[in-house]
Amino acid sequence: MNESLPEVLNTSEHPYGYRFDWVARLREALEGAANGRPCYELTSVDVTQAMDCPGLWAAKQEVATGDGQSSSPSQQMLLTRQMARMWGRDAANRGTRPFQFVEDSLNDPFWMTERQSAWVAAQSFDERIELVGEISAVLCRLQDQIPFRDPSADVYVGLKWPQVEVGCPTLVADDFEVGRLTLVSDDVDFRVRTCEIDGEGAWARTVLLALVPEKPTQADLERLGFSAAMHTISTNCPPARVAAYGLLDGKLISLDVDAEWIGLQIGCIMATLRIIYRIQTGEEPPLTPGTYCANCPARRDCPFSRIGLEEF
Ligand code: SF4
């Protein structure tokens with residue numbers, strides 16, 4: 001289905017309302033799952049790996065995986081995503097034009113990592129022009145589709161509530177503590193609209209939007225389930241939708257959130273805690289092979305190594 005971003009961000013007809021005591025029960029369940037265990041810090045990567053195969057999670061802990069992703073997006077896509085966040089915040093405040101913004105930002109690399117600024121500095125004049133043009137084109141598309149200048153749309157960068165300004169406007173992770181558990185996410189780039197409080201509950205109106213480097217996939221939406229759970233327990237209301245927007249091709253996919261899906265996300269976080277605790281207390285992780293075996297560091301020694309990927 002072809003979905004447009006303005007349509008997906010319009011949640012005025014979204015039908016779901018949630019009682020505060022339902023959210024409180026979810027929060028208590030999460031707190032209870034972390035009780036009596038060490039303090040844990042979890043990301044969506046932990047949950048995805050543990051739910052795919054506990055052996056995969058354990059193997060990934062033993063190798064240096066950089067940012068924890070199985071494939072790393074190109075420097076250009078990382079810069080584009082960072083700049084979209086910076087520009088979203090800036091445009092909302094000052095109405096900056098994308099082209100000017102990108103050119104100025106690349107000339108003033110205080111916000112980049114060392115690797116990024118070295119990559120940008122090594123570019124020829126022609127390459128730089130091309131880079132400015134390509135990133136600006138992405139920002140122009142976003143400018144046309146996200147209601148940055150409409151104060152009633154409540155567009156914020158990141159997930160955190162209330163929005164916290166940070167010194168360096170780059171990819172800053174949002175965190176939320178539930179008892180001994182800290183949930184950390186940098187998966188959400190823009191949060192659009194706020195829920196409507198109504199008596200003992202709230203109507204879901206928020207859309208969590210992730211900018212992804214390639215064509216958005218179902219896996220991108222599933223990963224946003226972790227952030228949707230964070231949003232639910234930190235604001236007392238689930239988001240109305242999650243959406244993934246491809247920076248490269250402008251394609252969009254989205255998912256309407258309901259109570260069952262949020263319950264599933266909380267359940268996955270609780271199950272991940274249990275799996276990690278068992279592994280850390282000496283249990284052999286169960287092995288549940290799948291297509292992700294292709295990227296598993298333990299593949300060579302795993303009893304399932306002879307299974308061909310075509311069998312999944
Ligand atoms: S190779 Fe597959 S089954 Fe074996 S540990 Fe890795 S992900 Fe699990």
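This structure is a prediction, so every number in the text was calculated from the model and none was measured.

Asks: Kindly report on the nonpolar core, identifying the contributing residues and their values.
Replies: Within the largest apolar cluster, 74 residues are counted, with the highest numbers of intra-cluster contacts made by L30 and L209. A per-element tally of this core places helix 5 (residues 75–94) first, with 7 residues. When residues are assigned to domains, this core turns out to be shared by domain 1 (5–63 + 156–295) and domain 2 (75–150), each giving three or more. Once you skip the residues sitting within four places of it in the chain, L209 turns out to touch V188, D189, F190, V192, A243 and Y245.

Asks: Describe the site of the ligand, and please don't skip the residues or the numbers.
Replies: With respect to spatial proximity, 13 residues lie near the ligand, and among them C53, G55, C293, C296 and C302 are the closest. The residue makeup of the shell around the ligand, split by class, is 11 nonpolar, 1 polar and 1 charged.

Asks: How would you summarise the pairing of strand 11 (residues 252–256) if you had to cite specific residues and measurements?
Replies: For strand 10 (residues 241–246) and strand 11, the ladder comprises 5 bridges, and the chain directions are antiparallel. Within strand 11, the residue paired with R241 across the bridge is D256. As consecutive antiparallel partners, strand 10 and strand 11 are separated by 5 residues, and within that stretch G250 has a phi angle of approximately 70 degrees, a positive value.

Asks: How would you sum up the packing of helix 6 (residues 98–107) against helix 8 (residues 125–145)? Please name residues and give values.
Replies: Put simply, helix 6 and helix 8 touch, their axes get as near as 8 Å, and they point 135 degrees apart. The orientation of helix 6 relative to helix 8 falls into the category oblique. Between helix 6 and helix 8 lies a crossing of right-handed hand. Here P98, F99, V102, E103 and L106 of helix 6 come into contact with helix 8, specifically with R128, V132, I135, S136, L139, C140 and Q143. Of the residues in the contact of helix 6 with helix 8, the class split is 8 nonpolar, 2 polar and 2 charged.

Asks: Give me the lowdown on unusual backbone geometry, citing residues and values where you can.
Replies: The phi dihedral of D154 is positive, around 50 degrees, even though this residue is not glycine. Here D154 is to be found in the loop between helix 8 and strand 3 (155–157). Non-glycine residue R193 carries a positive phi angle of around 70 degrees. With respect to the element layout, R193 can be found in the loop between strand 6 (190–192) and strand 7 (196–198).

The rules behind these values
- Residues numbered from 1 in each chain as written.
- Predicted model: local features only at pLDDT ≥ 70, side-chain atom pairs only at ≥ 80, totals over all residues.
- Core = buried A, V, L, I, M, F, W, Y, C linked by C-beta atoms within 7 Å.
- Buried ≥ 20, exposed ≤ 12 C-beta atoms within 10 Å, placed from the backbone.
- Helix = DSSP H or I, 4+ residues; strand = E, 2+ residues; numbered from the N terminus.
- Domains from an automatic or database assignment.
- Contact = placed C-beta atoms within 7 Å.
- Near = placed C-beta within 6 Å.
- Nonpolar A, V, L, I, M, F, W, Y, C, P; charged D, E, K, R; others polar.
- Pairing = 2+ DSSP bridges.
- Axes fitted to C-alpha atoms, helices over the stretch in contact; angles between N-to-C directions.
- Parallel < 35°, antiparallel > 145°, perpendicular 65-115°, else oblique.
- Left-handed = near helix turned anticlockwise from the far one by under 90°.

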